[in-house]
Amino acid sequence: MKVSLQPALNDGNLDANQLNSQRQLGISISAIAESLDRNVPLNLCLILDHSGSMNGRSLETVKKAAIRLVDRLKSGDRLSVVVFDHRAKVLVPSQSIENPEKIKQLINRLAADGGTAIDEGLRLGIEELAKGKKDTVSQAFLLTDGENEHGDNNRCLKFAQLAASYNLTLNTLGFGDNWNQDVLEKIADAGLGTLSYIEKPEDAVDEFNRLFSRIQTVGLTNAYLLLSLMPNVRLAELKPIAQVSPDTIELPLQQEADGRFAVRLGDLMKDAERVILANIYLGQLPAGEQAIANVQVRYDDPAANQVGLFTPNTPVYAHVVKNYQADPNPQVQHSILALAKYRQTQLAETKLQQGDRSGAATMLQTAAKTALQMGDKSAATVLQTSATQLQAGQDLSESDRKKTRMVSKTVLQDTPPT
């Protein structure tokens, strides 16, 4: 398994007469499958809400979705199941898939009762997932339909950050309309996973299958992007780095002992890009091809039992010219639009929380236009519909707000066949 690392500037030309310039550096990273690669075992933890509000069809469809996943796991894969109401317990301790029927029986016996304590479920889930993380792709699916009424939301975020430090990926699934959007998004973002919205109970099986299909394509783990900048080049001070694909996430930055910046990427999927966008400022540079940065990826290859591998150092060049003409890169321009769509929608939410309905509607309209520019018609429709409702003096329903958030973070995909 190898890493594809492709850096590009949004405009490869730079004006030699300009004292200061701003550029966006797009970096596309993915695992490249080779014919002799063996599959990496999966280490999956299901963290499932079975509180009283899940009673009836909701819990039955979640159990069905979980059982389908058990059927898709292979010998050598690992599974654990944690369930929570206002308490949490380990239903299936971390184990290799040797007796799937017994696991399915335990899941089938689940009944709905009690309140909701997401943080306790998350804590136990991380503990179980950590037990099987050696030489595996380790991911959790956390599903809930409610607020963390018996828990502490800050504790949830601390656990998510702890999971990231263990190289564990957390995916969150909001079921119905009453879950806390901010909490589940922060858990997924910190764990570099995906936030999913299951609007109707019958969507649960498809959503579980979609996420499972995605983790089956993971080839490399514990990946970090390492970025060094030449003198006269610096990162923007505010929000310098973001991921724009497969989901949009503002990423934290840390500085390594050697002075390079490190950005955690987590799992790398085979032949599916993880795209990072860095906002950089450049001072005046002499004419000619000028190296402005170096990028490298550090990663683990669980299939080969190898850790701390590095790609070759890849230099990034700017073409500094005395007679400047723009040389735009369409892929990086698309990434810039994706990040703009996300940030414009976030601004709209902030304005809505402040009671500025008109300002929120204007920002959502702007986000809809951005989505259209990048060819994301589904997002444009959702964003414009929400803007129109606000302009008409109507409130957005919980469902509308959640759809708006979801389309701001990603380009909606059709569910792949199982």
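One can find the structure itself at the top, above this paragraph.
No experiment lies behind these values; they were computed from the predicted model shown.

Engineer: Explain the pattern of salt bridges to me, and be specific about the residues and the numbers.
Structural biologist: In total, this model carries 26 salt bridges according to the counting rule given. In this structure, the salt-bridge partner of Asp-247 is Arg-214, at a minimum N-O distance of 3.5 Å. Here Asp-247, found in the loop between β12 (241-245) and β13 (249-250), pairs with Arg-214, found in helix α6 (residues 204-215); they are 33 residues apart in sequence, far enough to count as distant. For Asp-247, a relative accessible area of 6% puts it in the buried group. Note on Arg-214: relative accessible area 21%, which makes it partly exposed. For Glu-398, the salt bridge identified is with Lys-402, shortest N-O distance 2.8 Å. Of this pair, Glu-398 and Lys-402 both sit in helix α10 (residues 398-409), separated by 4 residues, roughly a single helical turn. Here the salt bridges do not stand alone but share partners, grouping Asp-182, Glu-185, Asp-189, Glu-349, Arg-405 and Lys-409 into one network.

Engineer: Outline helix α4 (residues 153-165), supporting the account with residue identities and numerical values.
Structural biologist: Over its 13 residues, α4 runs 19 Å from end to end, which matches the ideal 18 Å to within 8%, given 1.5 Å per residue. Where α4 is concerned, the buried positions are Cys-156, Phe-159, Ala-160, Ala-163 and Ala-164. Here the buried residues of α4 occupy an arc of 145° about the axis, which is enough to place them on one side. Projecting away from the buried face of α4 at angles above 90 degrees are the exposed residues Asn-154, Lys-158 and Ser-165. Looking one or two residues beyond α4, the residue adopting positive phi is Asn-167, at roughly 65°.

Engineer: I'd like to hear about empty space enclosed by the protein, residue by residue, with values.
Structural biologist: Counted by the stated rule, this structure contains 2 cavities of 30 Å³ or more. Its volume calculated, the largest cavity comes out at about 140 Å³. Contributing elements (two or more residues each) for the lining of the largest cavity: β8 (169-175), α6 and β15 (261-269). Considering each element in turn, the lining of the largest cavity owes the most residues, 3 residues, to α6. By volume, the second largest cavity amounts to about 60 Å³. When residues of the lining of the second largest cavity are traced back to their parent elements, those giving at least two are α7 (330-353), α8 (357-373) and α10. For the lining of the second largest cavity, the leading source of residues is α7, giving 3 residues. In terms of residue class, the lining of the second largest cavity is made up of 6 nonpolar, 1 polar and 2 charged.

Engineer: Break down helix α2 (residues 100-108) for me, with residues and values.
Structural biologist: What α2 keeps buried is the set Ile-103, Lys-104 and Ile-107. In a view along the axis of α2, the buried residues occupy a sector of 100°, so they form one face of it. Those residues of α2 that are buried lie in contact with α1 (57-72), β5 (78-84) and β6 (88-96).

Engineer: Please give an account of unusual backbone geometry that cites residues and values.
Structural biologist: Looking along the chain, the bond that leaves Ser-245 and enters Pro-246 is cis, with omega of 5°. By secondary structure assignment, the location of Pro-246 is in the loop between β12 and β13. The backbone phi angle of Leu-192 is positive, close to 50°, even though this residue is not glycine. Position of Leu-192 among the secondary structure elements: in the loop between α5 (181-190) and β9 (195-198). Residue classification places Leu-192 among the buried positions, given a relative accessible area of 8%.

Engineer: I'd love a proper account of the environment of Ile-249, names of residues and values included.
Structural biologist: With respect to the helices and strands, Ile-249 occurs in strand β13. Here Ile-249 falls in the buried class, since its relative accessible area comes to 1%. For the pair formed by Ile-249 and Lys-409, sequence separation is 160 residues and the distance between their alpha carbons is 7.5 Å. When residues no more than four places from it in sequence are discounted, the contact partners of Ile-249 are Asp-189, Leu-192, Gly-193, Ala-242, Gln-243 and Lys-409.

Engineer: Break down the packing of aromatic side chains for me, citing the residues and quoting the values.
Structural biologist: Per the counting criterion, the structure on display carries 2 aromatic pairs. Directly above the ring of Tyr-224 sits Arg-298, whose terminal nitrogen or CZ lies 5.0 Å from the centroid. Across from the ring centre of Trp-179, 4.8 Å away, lies the NZ or CZ of Lys-402, which sits over that ring.

Engineer: With reference to specific residues and values, describe the nonpolar core.
Structural biologist: Of all hydrophobic cores here, the largest spans 38 residues; its most connected members are Leu-46, Leu-48, Leu-79, Val-81, Leu-143 and Phe-208. Here this core gets 7 residues from one element, more than from any other, and that element is α1. Setting aside residues no more than four positions away along its own chain, Val-81 makes contact with Leu-46, Leu-48, Lys-89, Val-90, Leu-91, Val-92 and Ile-107. Core analysis: the second largest hydrophobic core is formed by 36 residues, Leu-5, Ala-31, Ala-278 and Leu-285 among them.

Engineer: Can you tell me about the packing of α5 against α10, naming the residues and giving the values?
Structural biologist: One can describe the packing of α5 onto α10 by two numbers: an axis separation of 11 Å at closest approach and a directional angle of 20°. It follows that α5 is roughly parallel to α10 by the angle criterion. The two elements α5 and α10 meet at a crossing, and its hand is right-handed. Between α5, through Gln-181, Asp-182, Glu-185 and Asp-189, and α10, the contact on the second element is made entirely by Arg-401, Lys-402, Arg-405 and Lys-409. Classifying every residue of the contact of α5 with α10 gives no nonpolar, 1 polar and 7 charged.

Engineer: Give a description of the pairing of β5 that names residues and reports values.
Structural biologist: Across the 7 residues of β5, 6 count as buried, placing the element largely inside the fold. Both strand β4 (residues 42-49) and β5 contribute to a ladder of 7 bridges, which runs parallel. Residue pairing in the sheet places Cys-45 in a bridge with Ser-80 of β5. Between the parallel elements β4 and β5, the chain passes through α1 in a crossover that is right-handed. Sheet topology places β5 next to β6; 6 bridges connect them, and they run antiparallel. Residue Phe-84 lies in a different strand from β6, and its bridge partner there is Ala-88. Counted along the chain from β5 to the antiparallel partner β6, the turn is 3 residues long.

Conventions used here
- Residues numbered from 1 in each chain as written.
- Predicted model: local features only at pLDDT ≥ 70, side-chain atom pairs only at ≥ 80, totals over all residues.
- Heavy atoms only, no water.
- Salt bridge = Lys/Arg side-chain N within 4 Å of Asp/Glu carboxyl O.
- Helix = DSSP H or I, 4+ residues; strand = E, 2+ residues; numbered from the N terminus.
- Buried < 20%, exposed > 50% of the residue type's maximum accessible area, 1.4 Å probe, protein only.
- Expected span 1.5 Å × (residues − 1).
- Arc of directions from axis to C-beta.
- 1 Å grid on protein atoms, 1.4 Å probe; cavity = no way out; pocket = protein on both sides within 12 Å on 5 of 7 lines; lining within 4 Å.
- Points joined across faces, edges and corners; volume = space filled by probe spheres on them.
- Nonpolar A, V, L, I, M, F, W, Y, C, P; charged D, E, K, R; others polar.
- Contact = heavy atoms within 4.5 Å.
- Phe/Tyr/Trp six-rings, centres within 6.5 Å; stacked < 30°, edge-to-face > 60°.
- Lys NZ or Arg CZ within 6 Å of the ring centre and 35° of its normal.
- Core = buried A, V, L, I, M, F, W, Y, C linked by side-chain atoms within 4.5 Å.
- Axes fitted to C-alpha atoms, helices over the stretch in contact; angles between N-to-C directions.
- Parallel < 35°, antiparallel > 145°, perpendicular 65-115°, else oblique.
- Left-handed = near helix turned anticlockwise from the far one by under 90°.
- Pairing = 2+ DSSP bridges.
- Right-handed = clockwise from strand over helix to strand, strands pointing away.

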